[in-house]
Amino acid sequence: MSFPDELMHLIRTDEPLGPLVWLGIGGPARYFAEPVDQEDVQKLIQAANEAELPVRILGGGSNLLVRESGFDGLVISMSGPATSGLEIDGTLMTVGAGAKLSHAVIKAVGAGLGGIEHLVGIPGTVGGAVMGNASSDGRDIGSAVESVTVLERSGEKRVLTQQEAGFSHRKSSLVGLAILSVTFQLESRDVAALTKRLQKLWIGRNASRPNEEPRMAVPFVEPDQMSVNDLLQQVGMAGVCEGEVSLDTQNPQFLVARSGATSEQCMKLIGRVREQVLLQTGIDLQLNLQVW
Ligand SMILES: Cc1cc2nc3c(=O)[nH]c(=O)nc-3n(C[C@H](O)[C@H](O)[C@H](O)COP(=O)(O)OP(=O)(O)OC[C@H]3O[C@@H](n4cnc5c(N)ncnc54)[C@H](O)[C@@H]3O)c2cc1C
């Protein structure tokens, strides 16, 4: 396909996606764009829609498994500085979808605003977190959202309320839309107390992560009222391997990929684990990881 001339400087072809995702696995995107501003995102989506070209939005790549065949469409990267603005107005904080979630958390805490500090240390962008209703400490990001600005497939901009965004356990009803920015409704709190809480949460989070394993993912949604780690330990799945992919021994909620790991190995391991959990406990573990 050919994009309008004004967009051509943004488009790259056959861009490898492996280096852009945490698992380090995956083939190329047929077309890849890093928009310079939100208008570019809109124009790119309109052009792809008119050409009936499939579109995917890439955030921080911490919840993605990309197949070696890559993606035969347009990938729009939303992790650049142009889509990462942040503004605070009273207790409302509006953040570009491409901003790192940890940056938004630190800015909120620094301004004495509570409500998202429990999400500290979750990798990725604000857009990725809102799309998948990321959660930690038993609270999800959706509960702090006031509104979400999105682009429809046609490129039309809409502002959705928290209710319209349809947040539920590790899900939203925003699938298929491009999130441009998110407004959070936060609460005024004491900065010193918030900072102390943030530090405590940060230390706890780092302690529960596999050391020296940069290529990893959290493949499963935490089942209701139960820790995935405990469940996987109980069914004997901690440390289980498939080729160069394994579940961590101490914290089996983490899937770790070593050099030579493939998407097929990841999918096989995930399938084996789900099967064993279902067989032994009757629990149908849901997939958190998005597969392209
Ligand atoms: C070490 C580690 C720890 C983790 N801990 C947690 C945790 O505690 N809690 C938790 O919930 N998750 C956790 N995760 C999973 C992951 O970090 C979150 O799901 C995160 O919110 C994904 O954000 P991202 O920007 O990396 O999204 P990506 O991986 O880039 O994308 C994920 C999905 O969101 C879509 N998306 C991204 N940005 C946009 C946008 N602007 N508009 C529309 N769609 C978009 C993508 O198309 C894709 O479908 C962890 C992952 C790792 C590797």
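Residues numbered from 1 in each chain as written. Predicted model: local features only at pLDDT ≥ 70, side-chain atom pairs only at ≥ 80, totals over all residues. Heavy atoms only, no water.

What to know about the pairing of strand 5 (residues 71-77)
In step 1: Most of strand 5 sits out of view: six of its seven residues are buried.
In step 2: Relative to strand 5, strand 2 (residues 28-33) runs parallel, the two being bridged by four bridges. Considered in strand 5, the bridge of Tyr 31 is made with Leu 74.
In step 3: One ladder, built from four bridges, connects strand 3 (residues 55-58) with strand 5; its direction is parallel. Of the residues in strand 5, the one forming a bridge with Arg 56 is Val 75. (Buried < 20%, exposed > 50% of the residue type's maximum accessible area, 1.4 Å probe, protein only. Helix = DSSP H or I, 4+ residues; strand = E, 2+ residues; numbered from the N terminus. Pairing = 2+ DSSP bridges.)

Some thoughts on the site of the ligand
In step 1: Taken together, 33 residues sit near the ligand, with Ile 57, Ser 62, Asn 63, Thr 125 and Ser 135 positioned nearest.
In step 2: Between Ile 57 and the ligand, the recorded distance is 2.6 Å, taken from a backbone N or O atom to an oxygen atom.
In step 3: Pro 123 has a polar backbone atom sitting 3.1 Å from an oxygen atom of the ligand.
In step 4: For the ligand, whose free accessible area comes to 980 Å², the fraction covered by protein is 94%.
In step 5: At the level of elements, strand 3, helix 3 (126-131), strand 13 (178-185) and strand 15 (216-217) are the ones that each hand at least two residues to the shell around the ligand.
In step 6: Partitioned by chemical class, the residues of the shell around the ligand number 19 nonpolar, 11 polar and three charged. (Near = heavy atom within 4 Å. Polar contact = N/O pair within 3.5 Å; in protein donor to acceptor, adjacent residues only side chain to side chain. Areas by Shrake-Rupley, 256 points an atom, 1.4 Å probe, with all protein chains shown as cover. Nonpolar A, V, L, I, M, F, W, Y, C, P; charged D, E, K, R; others polar.)

Focus: the domain arrangement of the protein
In step 1: Considered domain by domain, the protein is made up of domain 1 (5-81), domain 2 (84-206) and domain 3 (216-291).
In step 2: Centre-to-centre separation of domain 1 and domain 3, based on C-alpha positions: 28 Å.
In step 3: Contacts between domain 1 and domain 3 engage nine residues on the former and 15 residues on the latter.
In step 4: With both chains or domains summed, domain 1 and domain 3 bury close to 1100 Å², and 61% of this area falls on carbon and sulfur atoms. (Domains from an automatic or database assignment. Contact = heavy atoms within 4.5 Å. Buried area = accessible area lost by both parts, 1.4 Å probe.)

Section: the packing of aromatic side chains
In step 1: Taken as a whole and assessed by the stated rule, the structure comprises two aromatic pairs.
In step 2: Measuring from ring centre to ring centre gives 5.2 Å for Phe 3 and Tyr 31, while their planes differ by 80°; the resulting arrangement is edge-to-face. In this pair, Phe 3 is assigned in the segment before strand 1 (11-16) and Tyr 31 in strand 2, connecting sequence segments 28 residues apart. Taken individually, Phe 3 and Tyr 31 each receive the classification buried, so the pair is uniform in this respect.
In step 3: On the numbers, 6.1 Å between centres and 45° between planes, the contact of Phe 71 with Trp 292 is tilted. Residue Phe 71 is found in strand 5, and its partner Trp 292 is found in the segment after strand 19 (290-291); the two are separated by 221 residues along the sequence. (Phe/Tyr/Trp six-rings, centres within 6.5 Å; stacked < 30°, edge-to-face > 60°.)

Quick notes on the environment of Met 1
In step 1: In this fold, Met 1 is placed in the segment before strand 1.
In step 2: Considered as a pair, Met 1 and Leu 53 are 52 residues apart in the sequence and their alpha carbons are 8.4 Å apart.
In step 3: If we ignore the near neighbours within four places in the chain, the residues touching Met 1 are Arg 30, Tyr 31, Ala 47, Ala 51 and Leu 53.

A few points about unusual backbone geometry
In step 1: With phi around 50°, Asp 14 is a residue other than glycine that occupies positive phi space.
In step 2: Mapped onto the elements, Asp 14 comes out in strand 1.
In step 3: For Asn 133, which is not glycine, the phi torsion reads 45° and is therefore positive.
In step 4: Assignment of secondary structure puts Asn 133 in the loop between helix 3 and strand 9 (135-136).

Observations concerning helix 4 (residues 191-207)
In step 1: Across its 17 residues, helix 4 extends 24 Å between first and last C-alpha, which sits within 8% of the 24 Å expected from 1.5 Å per residue.
In step 2: Leu 194, Leu 198 and Leu 201 are the residues of helix 4 that are buried. Down the axis, helix 4 shows its buried residues gathered within 70° of arc, on one side only. Residues of helix 4 that are exposed and angled more than 90 degrees away from the buried face: Ala 192, Lys 196, Lys 200, Ile 203 and Ala 207.
In step 3: Buried residues in helix 4 make contact with helix 2 (101-110) and strand 8 (113-114). (Expected span 1.5 Å × (residues − 1). Arc of directions from axis to C-beta.)

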